[in-house]
Amino acid sequence: MMKITQLTHHDLDGYGASTVVGTYADVHRVVHVARYADVGPVVERELGRLRRAEQPEMLVMTDLGLEPVAVTFLKSFAAMNAKRGGELGHRLLVLDHHISSVDQLVAQGVRPASASGDDRPGLNRFSFDDPAIVVMVDETRCATRLAYDHRELYATHAPDAEMEAGIAALVAAVDAVDLWRKEHPIFRQALVLDEVFWDNVSGFIPAAHPQHDAFISRLLLGMAVRLGKGDVPATIEREVGAIRAHIIDTMLAGERDDDRDMTTRMRLAPLLARSPDLFQRIDGGAKVSFGLDAGTFQRVSDVIMASGDAALVINVQRSGSMAFRSNNETALATARKFSGGGHKDASGGRLPSGGATSLADAVAQIASVLNPPKPDLSKSPFAALQGFKA
């Protein structure tokens, strides 16, 4: 079975699309892109990885908006496939609904292909002279609906009837909200989906954790089922806690340290603290995380320190702000090296560069301050005098 990777936007429509694709196929990895400005670095990493891949894979891009750098990536993907040959060629499926994407494709010489017999008005197909590459832009449907309507392009199995009904309700709700179709019967109900999504997407299980997508997808589907039954927004909002608790109960089943009398954040903290995807150790023993919600970081850093795994934990935000927690009074001393201050065991600071794009970027910047490379004395103009004795 071909390995599938999905790149999608970090909003309700992007997660709706990943929920739909994940329902009809086994997705190996999902990457949520917070800003369209970040698409370039993300697709470049994927292109490098796919060039090295021994087996053909499938890349699904949803709701990302095809800015110039993304169009360039599509051309590079086609060129890579031509070199790899038919049997080793990768598959690429792009489903987008931004009309600006059409302009950018045309600007780089990629013209709409002739429509197929079942194409609906508004759908633009673009050809890259490679049947393994499918690029569709349709401003009349959100990415979640596009992923659902064209599931035959990636589906490997079909869900049961209950799941199918939940997906259908989710698609209708996201389509109404994302395209702001107030006249749609489900629009008023569907607003609760957007509100609850933003309340839960970053405060419980971070996007870098392997369980993140499953958590959000199950939450969306749980609400969508209730939407399909006609529940009003207030009722669904009141039930969100129960839906979330059921998801966490299932996720943490069998965990020895799980205490169901505690809050959701407290229950998740041990799971997150053990994750190699969320924390990276630096020289000196401190652990670094990237982009964690402040409340999540407080709970998880406490678990890390209480377990003896690290005495100093640092969290870096994309904006460059830093939080330091310790249990040996090193937080303040470390924060001062980043123009910060605060308490002995709880302080704040800022990255000298002003921001970071990933955990790896944050770690590299912190290491350059806390563990700067030793100077290469061989390059000194006085190198010839080393060891000289008068």
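Residues numbered from 1 in each chain as written. Predicted model: local features only at pLDDT ≥ 70, side-chain atom pairs only at ≥ 80, totals over all residues. Heavy atoms only, no water.

Peer 1: Give a detailed account of the packing of aromatic side chains, specifying residues and quantitative values.
Peer 2: Under the definition given, this model contains seven aromatic pairs. On the basis of an interplanar angle of 70° and a centroid distance of 4.8 Å, the ring pair of Phe-197 and Trp-198 is categorised as edge-to-face. Under the relative-accessibility criterion, Phe-197 is labelled buried at 1%. Look at Trp-198 and you get partly exposed, because its relative accessible area is 42%. Both rings, one in Phe-204 and one in Phe-215, keep their centres 6.2 Å apart while their planes meet at 55°; by these two values the pair is tilted. (Phe/Tyr/Trp six-rings, centres within 6.5 Å; stacked < 30°, edge-to-face > 60°. Buried < 20%, exposed > 50% of the residue type's maximum accessible area, 1.4 Å probe, protein only.)

Peer 1: An account of the sheet that holds strand β5 (residues 123-126) is requested, with residue identities and associated values reported.
Peer 2: Strands belonging to one sheet form pairs held by backbone hydrogen bonds; the direction of such a pair is parallel or antiparallel. Taken in spatial order, the six strands of this open sheet run β2-β1-β3-β4-β6-β5, and their pairing is mixed. At either margin of the open sheet sits one strand with a lone partner, and together these are β2 (29-33) and β5. Ignoring strand direction, the axes of neighbouring strands in this sheet form an average angle of 15°. Two strands pair when backbone bridges link them, and strand β1 (residues 3-9) and strand β3 (residues 57-62) are joined in this way by six bridges, in the parallel orientation. Each bridged residue has a counterpart across the sheet, and for Thr-5 the counterpart in β3 is Leu-59. (Pairing = 2+ DSSP bridges. Helix = DSSP H or I, 4+ residues; strand = E, 2+ residues; numbered from the N terminus. Axes fitted to C-alpha atoms, helices over the stretch in contact; angles between N-to-C directions.)

Peer 1: I'd like to hear about helix α4 (residues 99-107), residue by residue, with values.
Peer 2: The set of residues buried in α4 consists of Ser-101, Val-102 and Leu-105. With its buried residues spanning 105° around the axis, α4 presents them on a single face. On its buried face, α4 sits against α3 (68-84), β4 (91-96), β5 and β6 (133-138). One or two steps after α4, the chain reaches Gly-109, where phi turns positive at roughly 80°. (Arc of directions from axis to C-beta. Contact = heavy atoms within 4.5 Å.)

Peer 1: Now, about the pairing of strand β12 (residues 346-350): what can you tell me, with residues and values included?
Peer 2: Side-chain positions along a regular strand alternate between the two faces of the sheet. Residues Ser-347 and Gly-349 of β12 are buried on one face, while the alternating residues Ala-346, Gly-348 and Arg-350, pointing to the opposite face, are not. Bridge analysis of strand β11 (residues 341-342) against β12 gives two bridges, and the strand direction is antiparallel. Residue Gly-342 lies in a different strand from β12, and its bridge partner there is Ser-347. Between the antiparallel neighbours β11 and β12 lie three residues.

Peer 1: Lay out the environment of Leu-59 in plain terms, naming residues and giving numbers.
Peer 2: Examined against the element boundaries, Leu-59 turns out to sit in strand β3. According to the relative accessible area criterion, Leu-59 is buried, its value standing at 1%. Residues Leu-59 and Glu-139 lie 80 residues apart in sequence; the distance between their C-alpha atoms is 21 Å. In this structure Leu-59 touches Thr-5, Leu-7, Glu-46, Leu-50, Phe-73, Arg-91, Leu-92 and Leu-93, once residues within four positions along its chain are discounted.

Peer 1: Can you explain the pattern of salt bridges? Please cite residues and give values.
Peer 2: One pass over the full model with this rule turns up 18 salt bridges. In this structure, Arg-226 engages Glu-239 in a salt bridge whose closest nitrogen and oxygen atoms are separated by 2.5 Å. Taken together, the residues span a long stretch of sequence, with Arg-226 in helix α8 (residues 212-228) and Glu-239 in helix α9 (residues 233-251) at a distance of 13 residues. One salt bridge connects Arg-267 with Asp-249, and the closest N-O pair in it is separated by 2.9 Å. With a gap of 18 residues between them, Arg-267 in helix α10 (residues 264-273) and Asp-249 in helix α9 connect regions that are remote in the sequence. Residues participating in the shared-partner salt-bridge network are Arg-29, Glu-46, Arg-49 and Glu-57. (Salt bridge = Lys/Arg side-chain N within 4 Å of Asp/Glu carboxyl O.)

Peer 1: Please give an account of the packing of α8 against α9 that cites residues and values.
Peer 2: Where α8 meets α9, the axes come as close as 10 Å, and the angle between the chain directions of the two elements is 140°. With respect to each other, α8 and α9 are oriented oblique. Like other packed secondary-structure pairs, α8 and α9 cross with a definite hand, here right-handed. Between α8, through Phe-215, Arg-218, Leu-219, Gly-222, Met-223, Arg-226 and Leu-227, and α9, the contact on the second element is made entirely by Ile-236, Glu-239, Val-240, Ile-243, Arg-244, Ile-247, Ile-248 and Met-251. (Parallel < 35°, antiparallel > 145°, perpendicular 65-115°, else oblique. Left-handed = near helix turned anticlockwise from the far one by under 90°.)

Peer 1: Tell me about the environment of Ser-127, residues and numbers included.
Peer 2: Inspection of the secondary structure assignment puts Ser-127 in the loop between β5 and β6. By relative accessible area, Ser-127 is classed as partly exposed at 40%. Put simply, Ser-127 and Val-110 are 17 residues apart on the chain and 7.3 Å apart in space, counted from C-alpha to C-alpha. For Ser-127, the residues in contact, after removing those within four places along its chain, are Val-110, Arg-111 and Ala-113. A distance of 3.2 Å separates a polar atom in the side chain of Ser-127 from the backbone nitrogen of Asp-129. (Polar contact = N/O pair within 3.5 Å; in protein donor to acceptor, adjacent residues only side chain to side chain.)

Peer 1: Outline the sheet that holds strand β8 (residues 287-290), supporting the account with residue identities and numerical values.
Peer 2: Read across the open sheet, the six strands follow the order β7-β8-β9-β10-β12-β11; overall the sheet is mixed. The open sheet has two edge strands, β7 (279-281) and β11, and neither has a second partner. Two strands pair when backbone bridges link them, and strand β10 (residues 321-326) and β12 are joined in this way by five bridges, in the antiparallel orientation. Bridging from a neighbouring strand, Ala-323 pairs with Gly-348 of β12. On top of the sheet, helix α11 (residues 294-306) reaches β7, β8, β9 (312-316) and β10; it is set at about 155° to β9, its chief contact. Along the sheet face, helix α13 (residues 359-370) touches β7, β8, β9 and β10 and points at about 135° away from the line of β8.

That's the geometry; what it means functionally is another story.
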